[in-house]
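A structural walkthrough
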Amino acid sequence: MGFIDAIKSVLSQYAGFSGRARRSEYWWWTLFSLLWAWIPIVNILLGLIFFIPSIAVAVRRLHDTGRSGWWILLGIIPIIGGIVLLIFYCTDSQPGENQYGPNPKEPIAEPVAG
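Residues numbered from 1 in each chain as written. Predicted model: local features only at pLDDT ≥ 70, side-chain atom pairs only at ≥ 80, totals over all residues. Heavy atoms only, no water.

**A few points about the side chain of Glu25**
When you line up the elements, Glu25 lands in helix H2 (residues 23-35). The exposure class assigned to Glu25 is buried, which follows from its relative accessible area of 3%. A polar contact of 2.9 Å, which involves the side chain of Glu25, links it to the side chain of Ser9. When near neighbours in sequence (up to four residues on either side) are disregarded, Glu25 contacts Met1, Ala6, Ser9, Val10, Gln13, Arg20, Val57 and Arg60. (Helix = DSSP H or I, 4+ residues; strand = E, 2+ residues; numbered from the N terminus. Buried < 20%, exposed > 50% of the residue type's maximum accessible area, 1.4 Å probe, protein only. Polar contact = N/O pair within 3.5 Å; in protein donor to acceptor, adjacent residues only side chain to side chain. Contact = heavy atoms within 4.5 Å.)

**Remarks on the environment of Ile55**
Considering the arrangement of structural elements, one finds Ile55 in helix H4 (residues 51-64). The spatial distance from the C-alpha of Ile55 to the C-alpha of Gly69 is 9.4 Å, given a sequence separation of 14 residues. For Ile55, the contacting residues outside a window of four places in its chain are Phe17 and Ile72.

**Let's talk about the side chain of Arg20**
Looking at the secondary structure, you find Arg20 in the loop between helix H1 (3-12) and H2. By relative accessible area, Arg20 is classed as buried at 9%. A polar atom in the side chain of Arg20 sits 2.9 Å from the backbone oxygen of Gly96.

**Comments concerning a nonpolar patch on the surface**
A cluster of nonpolar side chains, Leu11, Tyr14, Phe17, Leu45, Ile49, Phe51 and Ile52, forms an exposed patch at the surface whose accessible area comes to about 620 Å². Mapped onto the nonpolar patch, the elements with two or more residues apiece are helix H3 (40-49) and H4. Looking at where Leu11 falls in the secondary structure, it is placed in helix H1. Leu11 sits in the partly exposed class, given a relative accessible area of 36%. (Patch = residues over 30% accessible without salt bridge, like charges linked within 9 Å, V, L, I, M, F, W, Y side chains within 5 Å. Areas by Shrake-Rupley, 256 points an atom, 1.4 Å probe, with all protein chains shown as cover. Salt bridge = Lys/Arg side-chain N within 4 Å of Asp/Glu carboxyl O.)

**Section: the nonpolar core**
In this structure, Trp29, Val57, Leu62, Ile72, Leu85 and Tyr89 are the most contacted members of the largest nonpolar core, which totals 17 residues. Of all the secondary structure elements, the ones that give two or more residues to this core are H1, H2, H4 and helix H5 (80-90). Here the element with the most residues in this core is H4; it accounts for four residues. Beyond its immediate sequence surroundings of up to four residues, Leu85 is in contact with Leu62, Trp71, Ile72, Leu74 and Gly75. (Core = buried A, V, L, I, M, F, W, Y, C linked by side-chain atoms within 4.5 Å.)

**A closer look at the pattern of salt bridges**
With the rule as written, the count across this model stands at five salt bridges. Linking Glu25 and Arg60 is a salt bridge whose minimum nitrogen-to-oxygen distance equals 3.2 Å. Taken together, the positions of Glu25 in helix H2 and Arg60 in helix H4 put the pair 35 residues apart, joining distant regions of the chain. Judged on exposure class, the residue Glu25 and its partner Arg60 are both buried. Among the charged side chains, a salt-bridge network with shared partners connects Arg20, Arg61 and Asp64.

**A look at the packing of H4 against H5**
Viewed as axis vectors pointing N to C, H4 and H5 meet at an angle of 65 degrees, and their least axial separation amounts to 8 Å. It follows from the interaxial angle that H4 and H5 lie roughly perpendicular. Like other packed secondary-structure pairs, H4 and H5 cross with a definite hand, here left-handed. Residues Ala58, Arg61 and Leu62 of H4 touch H5, and the partners they reach there are Leu85, Phe88 and Tyr89. (Axes fitted to C-alpha atoms, helices over the stretch in contact; angles between N-to-C directions. Parallel < 35°, antiparallel > 145°, perpendicular 65-115°, else oblique. Left-handed = near helix turned anticlockwise from the far one by under 90°.)

Next up, the structure:
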């Protein structure tokens with residue numbers, strides 16, 4: 001998934017906490033969010049606008065690794081929580097379908113016309 005596709009995907013699922021998100025989707029969104037961090041007024045405005053989609057894509061990323069979205073609360077714990085979450089976000093997708101949906105890396109099977 002490329003940069004533009006990732007941004008479109010996250011914004012199209014603005015508050016979508018179900019399903020799974022690939023690593024590329026999460027990291028491209030993170031880069032997009034950080035690009036605005038150096039402009040103070042824009043940072044505050046976009047921070048408010050993009051807060052919910054950022055949480056949603058992080059939860060979907062945790063789902064992709066087979067973890068509950070509640071693990072995001074580790075971010076409350078200084079340093080250690082952030083390190084653990086970083087490791088989770090960098091972990092590869094759980095193969096196949098899990099309780100949160102199909103693996104986004106695997107192509108969707110086309111139904112056979114009969």
